[in-house]
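If you want the building blocks of each chain, they are given just below.
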Amino acid sequence: MARWYVYKEVLTCIAMVAAECSHVVLSILFKAASLKGLSYYIFIAYSYVLGTLVFLPLAFFFNRKTVLPPLKFPLFSRICLLGLIGYLGMICAYKGIELGSPTLASAISNLTPAFTFILAVLFRMEKVAFRSSSSQAKIIGTITSISGAFVVVFYKGPKVFSSPTRTSSSVLFQKPLGSSQSNWIIGGLLEVVAYLLYSLWYIIQSQVMKIYPEEIVVNFFYNLLVALISLPVCLLAEPNLSSWRLTSNIAVVAVLYSGLFGFSFSSAVHTWGVRLKGPVFVAIFRPTSIVITVVMSAIFLGESVYLGSVIGAVILSTGLYAVLWGKAKEEEMKDDDSGSNTLGPLSSVTVPLLQS
């Protein structure tokens, strides 16, 4: 009994925080590598080529005895659309980090549940009853979280914390990490577009998983298609082949970490958490990325913390938890009304809303 409690309660919490740390480390590594001259086009291309190589043996190893439906054109076209939307989202996200900061990107990332909720309503995957307390909480939370994100983007404010290591970090990276106000706004808007595209990606992914319920195979084809899209785009954006060489140690570390560990680890942990505790539990840990990013950016990159980021993060997180509370309340009401028979279709609806 004690072992099961540690496995289901304690270990899952540690794993969720570790997954958020992994995502934050990836953002910080790219920010540091971009200051050393790493192009986000090259970073994305290398990362997805490595990701394809990681998922290729896993797809063969875990599916040797599994009978799966054939990859027909309707399914393959959806996976191709996933690849295109995912690549555009990555371009916007990492350009936003380059212009802004990992803290800004982490704050905006909490818009994903709100955006996905809106898209799910438009695609009739979610029902809204305006007199229901759960629907009211989701609507108010969505508006609040979006408002908080715009506070982070448009109001930088004074510094509330400046790392004592800022001077040495600035010397190390040869120019300060602080972004100008115009770059901060553009970077924030790019992050908003990126996470809107990611939300659309979740909607399409839920349809793909209904047709082809094998995460590893879908992830392999997704990584392969993004790699095939990113390589020619990268050749057009970076025609000088000398720029493809990873000349700094931090660039090599960032590419290897993102391709071999970052994306695959987060995906595996979140899938495991959803299986054990449900999607609401996994989504609750998303706001912790703000705190993790602020602390790690201040310590390792010497990045200052601004008042706008703090105020906006509080508003955004409050709205996020309102959406999550409304969703949990709705699930509870459906369980009471329909019993355990609704668990299958319910999970297929809620996972796109709460995944990051």
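Residues numbered from 1 in each chain as written. Predicted model: local features only at pLDDT ≥ 70, side-chain atom pairs only at ≥ 80, totals over all residues. Heavy atoms only, no water.

Turning to the overall build of the chain, a few remarks are in order. Check the secondary structure of the chain and you find 14 helices and 2 strands. When the 356 residues of the chain are sorted by exposure, 50% land in the buried category. Here the analysis covers contacts within the chain between residues at least 6 apart in sequence; of these, 89% occur between residues at least 24 apart. Put simply, the chain shows about 16,700 Å² of open surface, and 70% of that area lies on carbon and sulfur atoms. (Helix = DSSP H or I, 4+ residues; strand = E, 2+ residues; numbered from the N terminus. Buried < 20%, exposed > 50% of the residue type's maximum accessible area, 1.4 Å probe, protein only. Contact = heavy atoms within 4.5 Å. Areas by Shrake-Rupley, 256 points an atom, 1.4 Å probe, with all protein chains shown as cover.)

Interhelical geometry of helix α2 (residues 40-62) versus helix α3 (residues 73-99) gives an angle of 130° and a closest axis separation of 10 Å. The pairing of α2 with α3 is recorded here as oblique in orientation. Here α2 runs over α3; the crossing is right-handed. Contacts between α2 and α3 involve Y40, Y41, F43, I44 and Y48 on the former and, on the latter, Y87, M90, I91, Y94, K95 and E98. Within the contact of α2 with α3, the residues separate by chemical class into 9 nonpolar, no polar and 2 charged. (Axes fitted to C-alpha atoms, helices over the stretch in contact; angles between N-to-C directions. Parallel < 35°, antiparallel > 145°, perpendicular 65-115°, else oblique. Left-handed = near helix turned anticlockwise from the far one by under 90°. Nonpolar A, V, L, I, M, F, W, Y, C, P; charged D, E, K, R; others polar.)

Glancing now at the confidence of the model for the chain. Put simply, the chain has an average pLDDT of 76, and 76% of its residues get 70 or more. Low confidence marks residues 166-178, where pLDDT is under 50. Its contacts with residues over four positions away, or in another chain, come to 19 contacts. Residue range residues 345-356 is modelled with pLDDT below 50. Its contacts to residues more than four positions away, or to other chains, number 32 contacts. (pLDDT = per-residue confidence, 0-100.)

What follows covers a nonpolar patch on the surface. There is a patch of nonpolar side chains on the surface, built from V160, F161, V310 and V314 and spanning about 330 Å² of accessible area. Among the secondary structure elements, those contributing two or more residues to the nonpolar patch are β1 (159-161) and α13 (307-338). Note on placement: V160 falls in strand β1. (Patch = residues over 30% accessible without salt bridge, like charges linked within 9 Å, V, L, I, M, F, W, Y side chains within 5 Å. Salt bridge = Lys/Arg side-chain N within 4 Å of Asp/Glu carboxyl O.)

A word on the packing of aromatic side chains. Going through the model one piece at a time under the given rule, you end up with 10 aromatic pairs. Here F30 and F43 contribute two aromatic rings whose centre-to-centre distance is 4.9 Å and whose plane-to-plane angle is 45°, an arrangement assigned as tilted. With F30 in helix α1 (residues 2-35) and F43 in helix α2, the pair connects residues that are 13 residues apart, well separated along the chain. Like F43, F30 is buried. Ring geometry for Y48 versus Y222: centroids 6.0 Å apart, planes at 85°, classification edge-to-face. (Phe/Tyr/Trp six-rings, centres within 6.5 Å; stacked < 30°, edge-to-face > 60°.)

The end-to-end C-alpha distance of α2 is 32 Å, a good match for the 33 Å that 23 residues give at a rise of 1.5 Å each. Of all the positions in α2, only Y40, I42, F43, I44, A45, S47, Y48, L50, G51, T52, F55 and A59 are classed as buried. The N-cap of α2, judged by a side-chain oxygen 3.2 Å from the amide nitrogen of Y41 a few residues on, is S39. (Expected span 1.5 Å × (residues − 1). Polar contact = N/O pair within 3.5 Å; in protein donor to acceptor, adjacent residues only side chain to side chain.)

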